[in-house]
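Single-letter residue listing:
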Amino acid sequence: MIQSLLEQFHAVTIYHQIAEHQVVKHLISLLKELDSDSPCFLIILEHYSSICRILYQSEFQGNLCDYLLDQILCDNNVYTTLCAEENQQDIPTIVEQAAAFDLHFFHQLSQISSEILKQKIICWFPGKEKFILQLPSYENQQTIFLSYQRWGEQLQVLRAFHHKQGISIFAKYIAFYISHQNQITPIKQFNPFPLSGLKKYEFQKKQLIDNTLSFLHHQPANHALLYGDRGTGKSTMINAILNEYYGQGLRMIQIAKEDIVQLESILEQVRIIPLRFIFFIDDLTFEENDACFNVLKAILEGSLRGMPKNVLIYATTNRRHLIKETFSSREGNELHASDTRDENASLADRFGLNITFMKPTPEEFISIVLELAEDRGLALDKAVLCKGANIFATKKASRSGRIAKQYIDYIEGRVALNLPI
């Protein structure tokens, strides 16, 4: 059996990247050692303990089968890309056969239990049986996704999965940020917010929903700039849009201000991914002569490569004018200062959809407080709740959806602890 697995390992083609994962490399190295004429006990222990350690530290908590299957579902290769294409074509038979071969191998590998390995080690080192039996173990009972059939026999299931969920890390996660070296990194603990939780601003909500749905249905859609007072729910609304529509192939990548300079290279990483992406830039403002300004402006409309069809940019800002302007800059000695001011305003114009958020009136603020209290199931006297909300807002010197939520969080905590309100 070992010799057959080693031969299959060297013949893996489509899912070759998984063969480079540490668990697979240690397992194959261990099998090679066991298949040698004079295996080294210490080398065997090193590979075996490494397998257990990596599996224990993974999200699958020591399950080899689930670990390998997760790597398969998140792999980016020619087969998964063809499966995920928007207009699925017939996948070449030779590609499907190669994928089935690889999947059959990894399924066989997943069935090698720690007990099987221990017994094979004991065969070589019977004098160490007691010690070997005390070695840690790992699980290999599959609990996720596919049925218990051989993975190579479930290509149609995998094809449907990738067509809906996409490929690579985008098949597993929905929200991302940019880490060092322009690496798109998943936000593993995404904090979802329901659209229903955003009170008021129904017109603004409908504008953004309609634009997003048009984008998801491959119709013309606009980049969106959400402008308005702080705490009015601009960023929350974008979060809620992702939470509402990720099941339709929407993914979101948060772009920090300092990442804008490298935005073109980041765009290229998702250009061929068969999903829809919103690049989210929060609190967008620029200093004068900021290099990021021209980069973003060119990408939105003027670059030679053009914006990928599967990407929109949604940005928020508290400033009507995106570039911070000083009195000295206005009073400078430039002959055509008006041209410069027009240039500075041109970035906002390149967002086809501009949505304005204004602070709620005192009456709207109280209405938001009461709706949030109802959502939380806080059966409190409305007069007491309203009076407390006004006092809370006065101390904060502001009335907004954010302040309303902070007040309800405060009240809910006190109710839970039976403290006076």
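Structure: see above.
All of the points below concern the structure found in this document. (Residues numbered from 1 in each chain as written. Predicted model: local features only at pLDDT ≥ 70, side-chain atom pairs only at ≥ 80, totals over all residues. Heavy atoms only, no water.)

**Observations regarding the overall build of the chain**
Basically, it comes down to this: Numbering goes from the N terminus for both helices and strands, where a helix is a DSSP run of H or I of at least four residues and a strand is a run of E of at least two. Throughout, the radius of gyration refers to the C-alpha atoms, and the reference size of a globule is 2.2 Å times the residue count to the power 0.38. Think of it in three bands: with a 1.4 Å probe and only protein chains considered, a residue is buried below 20% of the maximum accessible area for its type, exposed above 50%, and partly exposed in between.
Broken down by element type, the chain carries 18 helices and 7 strands. Since a compact globule built from 421 residues should have a radius of gyration of about 22 Å, the 28 Å found for the chain marks it as more spread out than a globular shape. Projected onto the principal axes, the alpha-carbon positions of the chain cover approximately 85 × 65 × 40 Å. Counting only residues that meet the buried cut, the chain has 48% of its 421 residues in that class.

**Let's talk about the pattern of salt bridges**
As a reminder, the rule being used: Just to be clear on terms, a salt bridge is a Lys or Arg side-chain nitrogen sitting within 4 Å of an Asp or Glu carboxyl oxygen.
The full count for this structure, using the stated rule, is 12 salt bridges. Here lysine 205 makes a salt bridge to glutamate 202, at a shortest N to O gap of 3.4 Å. Separated by 3 residues within a single helix, lysine 205 and glutamate 202 lie in helix α10 (residues 202-216), roughly one turn from each other. For lysine 205, a relative accessible area of 8% puts it in the buried group. With relative accessibility at 49%, the residue glutamate 202 sits in the partly exposed group. Beyond isolated ion pairs, a larger network of salt bridges with shared partners links Arg376, Lys405, Asp409 and Glu412.

**Points about the environment of asparagine 211**
Which entries qualify depends on this criterion: When checking whether two residues touch, look at their non-hydrogen atoms; a contact exists if any pair is within 4.5 Å.
With respect to the helices and strands, asparagine 211 occurs in helix α10. When its relative accessible area of 9% is taken as the criterion, asparagine 211 is described as buried. Separated by 166 residues in the primary sequence, asparagine 211 and glycine 377 have C-alpha atoms spaced 33 Å apart. Aside from chain neighbours lying at most four places away, what touches asparagine 211 is Ala221, Asn222, Leu312, Tyr314 and Leu353.

**Some points on helix α6 (residues 93-110)**
Heads up, the rule is: Under the convention used throughout, the expected extent of a helix is 1.5 Å for every residue step, that is, one less than its residue count.
Compared with an ideal rise of 1.5 Å per residue, which puts 18 residues at 26 Å, α6 spans 26 Å between its outermost C-alpha atoms and is within 8% of the ideal. Within α6, burial applies to Val95, Glu96, Ala99, Ala100, Asp102, Leu103, Phe105, Phe106, His107, Leu109 and Ser110.

**Quick notes on the packing of helix α16 (residues 362-375) against helix α17 (residues 382-396)**
We apply this condition: Axes here refer to lines fitted to C-alpha atoms; in helices the fit is confined to the stretch in contact. Angles between the N-to-C directions go from 0 to 180 degrees. Each angle receives one of four descriptions, namely roughly parallel if under 35 degrees, roughly antiparallel if over 145, roughly perpendicular if within 65 to 115, and oblique otherwise. In a left-handed crossing the near helix is turned counterclockwise from the far helix by less than a right angle, and in a right-handed crossing that turn is clockwise. Any residue outside Ala, Val, Leu, Ile, Met, Phe, Trp, Tyr, Cys, Pro, Asp, Glu, Lys and Arg is labelled polar, Gly included; the first ten of those are nonpolar and the last four are charged.
Running from N to C, α16 and α17 point in directions that differ by 125°, and their axes come no closer than 10 Å. In terms of orientation, α16 and α17 fall into the oblique class. In this structure, α16 meets α17 at a crossing whose hand is right-handed. Residue-level contacts link Phe365, Ile366, Val369, Leu370 and Ala373 of α16 to Lys382, Leu385, Cys386, Ala389, Asn390 and Ala393 of α17. The residue makeup of the contact of α16 with α17, split by class, is 9 nonpolar, 1 polar and 1 charged.

**So, the pairing of strand β1 (residues 175-179)**
For the record, the criterion: At least two DSSP bridges between two strands are needed for those strands to be called paired.
When you tally the buried positions in β1, you get 4 out of 5 residues, the bulk of the element. Summarising the sheet, β1 and strand β2 (residues 183-186) pair through 4 bridges and their orientation is antiparallel. Bridged to phenylalanine 176 within β2 is proline 186. Adjacent in sequence and paired antiparallel, β1 and β2 are bridged by 3 residues, among which glutamine 181 carries a positive phi angle near 60°.

**Considering unusual backbone geometry**
Trans peptide bonds make up the majority, and among non-glycine residues the majority have a negative phi. A positive phi angle, close to 50°, is found at glutamine 61, a residue other than glycine. Considering the arrangement of structural elements, one finds glutamine 61 in the loop between α3 (41-57) and α4 (64-73). Even without glycine at this site, lysine 200 takes up a positive phi of about 65°. Mapping lysine 200 onto the fold places it in the loop between β2 and α10.

**Details of the packing of aromatic side chains**
The test is simple: Only Phe, Tyr and Trp rings take part, Trp by its six-membered ring, and two of them pair if their centres are within 6.5 Å. Stacked means planes under 30 degrees apart, edge-to-face means over 60, and tilted covers everything else. Sitting over a ring, as applied to charges here, requires NZ of Lys or CZ of Arg to be within 6 Å of the ring centre and within 35 degrees of the ring normal.
With the rule as written, the count across this model stands at 10 aromatic pairs. Pairing tyrosine 201 with phenylalanine 357 gives two aromatic rings, centres 5.4 Å apart and planes at 40°, and the pair type is tilted. With a gap of 156 residues between them, tyrosine 201 in the loop between β2 and α10 and phenylalanine 357 in strand β7 (residues 353-357) connect regions that are remote in the sequence. Side by side, tyrosine 201 and phenylalanine 357 carry an identical accessibility label, which is buried. Three or more aromatic residues joined by ring pairs form one cluster here, namely Phe9, Phe105 and Phe106. Across the ring face of phenylalanine 215, the terminal group of arginine 276 is positioned such that the distance to the ring centre comes to 5.0 Å.

**Digging into the side chain of aspartate 259**
Take aspartate 259: it is sitting in the loop between β4 (250-254) and α12 (263-270). Residues in contact with aspartate 259, not counting those within four places in the same chain, are Ile178 and Ile266.

**What about the sheet that holds β2?**
The 7 strands lie next to each other as β2-β1-β4-β5-β6-β3-β7, forming an open sheet whose pairing is mixed. The open sheet is flanked by β2 and β7, the only strands paired with a single partner. Shown here is a sheet whose adjacent strand axes are inclined to one another by a mean of 25°, direction ignored. Along the sheet face, helix α11 (residues 234-245) touches β1, β3 (224-228), β4, β5 (276-281), β6 (311-317) and β7 and points at about 145° away from the line of β4.

**Remarks on the side chain of threonine 80**
Keep this limit in mind: Throughout this description, a polar contact denotes any pair of N or O atoms lying within 3.5 Å of each other; where both atoms belong to protein, one of them has to be capable of donating a hydrogen while the other can accept it, and for residues adjacent in sequence the pair is counted only when both atoms sit in side chains.
Along the chain, the position of threonine 80 falls in helix α5 (residues 78-84). Residue classification places threonine 80 among the buried residues on the basis of a relative accessible area of 0%. Within polar-contact distance, the side chain of threonine 80 engages the backbone oxygen of aspartate 75 at 3.2 Å.

**Details of the pairing of β6**
Counting buried positions along β6 yields 7 of 7 residues, so the element is predominantly enclosed. Residues Val311, Ile313, Ala315 and Thr317 point to one face of β6 and Leu312, Tyr314 and Thr316 to the other, with burial holding for every one of them. When β3 meets β6, the two strands line up parallel, connected through 4 bridges. Directly across from leucine 226, in β6, lies its bridge partner threonine 316. Here 5 bridges tie β5 to β6, and the two strands are oriented parallel to one another. Paired with isoleucine 278 across the bridge in β6 is leucine 312.

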